Amino acid sequence: MENIEICHCMGVSVNDIDLALHKGENLTDVTQAFKTVQEQTSCSTGCGGCYDKIIETISDLMHR
């Protein structure tokens with residue numbers, strides 16, 4: 001997966017999300033994974049326009 005910036009407000013990239021997911025424990029639910037990623041990266045706390053793309057990225061990363 002290409003390392004592109006997904007959350008422009010907070011400057012969060014695909015790699016940032018991947019790293020945050022690896023720091024979480026037993027993340028099997030996308031919603032819980034989003035909360036973990038958000039706590040670590042502050043993604044989707046600005047305008048919120050990236051929410052769907054963040055969820056899609058988390059799902060993709062969890063299922064690879």
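I will try to describe carefully the structure that is included in this document.

### Describing the pattern of salt bridges
Evaluation of the coordinates by the stated rule reveals 2 salt bridges. We note a salt bridge from Asp18 to Arg64, for which the minimum N-O separation is 2.8 Å. A residue pair is termed long-range when its members are at least 10 positions apart, and Asp18 in helix α1 (residues 14-23) and Arg64 in the segment after α3 (51-62) qualify at 46 residues. Asp18 gets classed as buried once you look at its relative accessible area, which sits at 16%.

### Focus: the state of the cysteines
Within this structure, the stated rule accounts for 0 disulfides. Free of any disulfide, Cys43 has its nearest cysteine sulfur in Cys7, 6.0 Å distant. Accessibility expressed as a relative area gives 0% for Cys43, which makes it buried. Looking at the unpaired Cys50, the closest cysteine sulfur is the one in Cys7, lying at 3.8 Å. Taking relative accessible area as the criterion, Cys50 reaches 8% and is therefore assigned buried.

### Remarks on the nonpolar core
Counting 16 residues, the largest nonpolar core has Ile17, Leu21, Val37, Cys43, Ile54 and Ile58 as the members making the most contacts within it. Breaking this core down by element, the ones donating at least two residues are β1 (5-7), α1, α2 (30-41) and α3. Looking at this core, the element that brings in the most residues is α1, giving 4 residues. In contact with Leu21, other than residues within four places in its own chain, are Leu27, Ala33, Val37, Ile58, Leu61 and Met62.

Reading guide: rules and limits
- Residues numbered from 1 in each chain as written.
- Predicted model: local features only at pLDDT ≥ 70, side-chain atom pairs only at ≥ 80, totals over all residues.
- Heavy atoms only, no water.
- Salt bridge = Lys/Arg side-chain N within 4 Å of Asp/Glu carboxyl O.
- Helix = DSSP H or I, 4+ residues; strand = E, 2+ residues; numbered from the N terminus.
- Buried < 20%, exposed > 50% of the residue type's maximum accessible area, 1.4 Å probe, protein only.
- Disulfide = S-S within 2.5 Å.
- Core = buried A, V, L, I, M, F, W, Y, C linked by side-chain atoms within 4.5 Å.
- Contact = heavy atoms within 4.5 Å.

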